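Here are the chains, one letter per residue:
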Amino acid sequence: MSDTPTPKTPYTPPAVWTWDQANGGKFANINRPIAGPTHDKALPVGKHPLQLYSMGTPNGVKVTVMLEELLELGHAGAEYDAWLIKINDGDQFSSGFVDVNPNSKIPALLDRSTEPPTRVFESGSILLYLAEKFGALLPKDHAARTETLNWLFWQMGSAPYLGGGFGHFYAYAPEKFEYPINRFAMETKRQLDVLDRHLATHTYMAGDAYTIADIAIYPWYGWLVEGKLYSAGEFLSVHEYTHVQRWAKSIGERPAVKRGRRINRVWGDEADQVPERH
């Protein structure tokens, strides 16, 4: 009897795609090809001006770090309630959450200091909104502001290849497939090289000042080179990116960053978990 595995039949896409609900790996229970709410449930509301509905994933941490940085700078109006949205349980598909973010993704922010309240969704939009609202962490000089926004939008466009691409196929897919892992590992390493070359001559992403660009990039690429994302540090040889590691270490030591990355976190060391903030 041969031990040679039987080769799989190559996949040929059908003429019309249909949804196989059982085929989705770790997140099959929440992935679906339609939008809108699955159930009626109002969102809780606390006493602070800003209401954050989120979870401590990299995209969620961007916003909690931003809010903690604003408070560190003395902006009392940045006080916030952080409500936990359990994405594995489908909380993001409640009618209340969909009203704040029709895309059903965390984080979502409701600014109740305005009349009517202002909804803000997409993490990059939230960072920009808060930076403009409080006049902080976004340079006023036109060239420096533009460079900050260059890197903010770089992160928003690049991270899906790291998360939905590399992270999914390397860590979450029900089977390991060489082609997509190689494809997205290559792209992730290319992105790390982009950062490493830039940070070789810059203290922070937009120059000498810490900005929302750093806040956006750190929870994805900083965590990656620190070995905190997908357990992929060795696989991606992250030790090669010495300038990114220097930058990540300096960001990770900031008091507001230490506080922000614990909020809405419900895994890991209990000392690092603050499921909600009120």
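Residues numbered from 1 in each chain as written. Predicted model: local features only at pLDDT ≥ 70, side-chain atom pairs only at ≥ 80, totals over all residues. Heavy atoms only, no water.

Chemist: Kindly report on the overall build of the protein chain, identifying the contributing residues and their values.
Modeler: Counting secondary structure elements, the protein chain contains eight helices and four strands. The linear arrangement of helices and strands in the protein chain, starting from the amino end, is β-α-β-α-β-β-α-α-α-α-α-α. Taken over C-alpha atoms, the radius of gyration comes to 20 Å for the protein chain, in line with the 19 Å a tight globule of 278 residues would show. With the C-alpha coordinates of the protein chain rotated into their principal frame, the extents come out at 70 × 50 × 40 Å. Counting the 278 residues in the protein chain, one finds 46% classified as buried. Once local pairs closer than 6 in sequence are excluded, the contacts in the protein chain between residues at least 24 apart make up 68%. Summing over all exposed atoms, the protein chain offers an accessible surface of approximately 14500 Å²; the carbon and sulfur share of this is 54%. Side-chain charges in the protein chain split into 28 positive and 32 negative, and the spacing between the mean points of these groups amounts to 1 Å. (Helix = DSSP H or I, 4+ residues; strand = E, 2+ residues; numbered from the N terminus. Rg over C-alpha atoms; globule rule 2.2 N^0.38 Å. Buried < 20%, exposed > 50% of the residue type's maximum accessible area, 1.4 Å probe, protein only. Contact = heavy atoms within 4.5 Å. Areas by Shrake-Rupley, 256 points an atom, 1.4 Å probe, with all protein chains shown as cover. Lys, Arg positive; Asp, Glu negative; His and termini not counted. Charge placed at Lys NZ, Arg CZ, Asp CG, Glu CD.)

Chemist: Explain helix 5 (residues 178-199) to me, and be specific about the residues and the numbers.
Modeler: For helix 5, with 22 residues, the first-to-last C-alpha span of 31 Å sits near the 32 Å given by 1.5 Å per residue. Those residues of helix 5 not exposed but buried are P180, I181, F184, A185, E187, T188, Q191, L192, L195, D196, H198 and L199. Considering only its buried residues, helix 5 is in contact with helix 4 (142-172), helix 6 (212-225) and helix 7 (242-252). (Expected span 1.5 Å × (residues − 1).)

Chemist: Summarise the pattern of salt bridges; cite the residues concerned and give the values.
Modeler: Tallying each qualifying case throughout the model produces 12 salt bridges. With a shortest N-O distance of 3.4 Å, K189 and E240 are connected by a salt bridge. Of this pair, K189 sits in helix 5 while E240 sits in the loop between helix 6 and helix 7, and the two are 51 residues apart along the sequence. A residue is classified by how much of its surface remains accessible, and K189, at 25% relative accessible area, is partly exposed. D193 is the salt-bridge partner of R197, the closest N and O atoms lying 2.7 Å from each other. One end of the pair is R197 and the other is D193, both in helix 5 and four residues apart, which spans about a single turn. (Salt bridge = Lys/Arg side-chain N within 4 Å of Asp/Glu carboxyl O.)

Chemist: Report on the environment of P275, specifying residues and quantitative values.
Modeler: Following the sequence through the fold, P275 ends up in the segment after helix 8 (255-260). Note on P275: relative accessible area 36%, which makes it partly exposed. The spatial distance from the C-alpha of P275 to the C-alpha of N264 is 4.2 Å, given a sequence separation of 11 residues. Beyond its immediate chain neighbours, meaning those up to four positions away, P275 contacts A82, L84, N264, R265 and V266.

Chemist: Please provide a residue-by-residue account of the pairing of strand 1 (residues 50-54), values included.
Modeler: Counting buried positions along strand 1 gives five out of five residues, so the element sits mostly inside the fold. Both faces of strand 1 are covered, namely the face carrying L50, L52 and S54 and the face carrying Q51 and Y53. Taken together, the five bridges between strand 1 and strand 2 (residues 80-84) define a ladder with parallel strand orientation. By the bridge assignment for strand 2, Y53 is matched with W83. With helix 1 (residues 58-72) bridging strand 1 and its parallel neighbour strand 2, the resulting β-α-β unit is right-handed. Here four bridges tie strand 1 to strand 3 (residues 108-111), and the two strands are oriented antiparallel to one another. (Pairing = 2+ DSSP bridges. Right-handed = clockwise from strand over helix to strand, strands pointing away.)

Chemist: Can you lay out the side chain of Q191 for me, pointing to particular residues and giving the numbers?
Modeler: Relative to the elements of secondary structure, Q191 occurs in helix 5. Judged by relative accessible area, which is 0%, Q191 ranks as buried. In terms of polar contacts, Q191 uses its side chain to reach the backbone carbonyl oxygen of S158, at 3.2 Å. Those residues in contact with Q191 that lie beyond four places of it in its chain are W154, S158, Y161, L162 and Y221. (Polar contact = N/O pair within 3.5 Å; in protein donor to acceptor, adjacent residues only side chain to side chain.)

Chemist: Tell me about the packing of helix 3 (residues 123-134) against helix 4, residues and numbers included.
Modeler: The relative placement of two packed helices comes down to the angle between their axes together with the axis-to-axis distance. Look at helix 3 against helix 4: their axes get within 10 Å of each other, and the N-to-C directions meet at 155°. The angle between helix 3 and helix 4 falls in the class roughly antiparallel. Touching S123, G124, L127, L128 and E132 of helix 3 are R145, L149, L152 and M156, all from helix 4. Of the residues belonging to the contact of helix 3 with helix 4, the class tally is five nonpolar, two polar and two charged. (Axes fitted to C-alpha atoms, helices over the stretch in contact; angles between N-to-C directions. Parallel < 35°, antiparallel > 145°, perpendicular 65-115°, else oblique. Nonpolar A, V, L, I, M, F, W, Y, C, P; charged D, E, K, R; others polar.)

Functional significance is not addressed by these values, which are geometric in nature.
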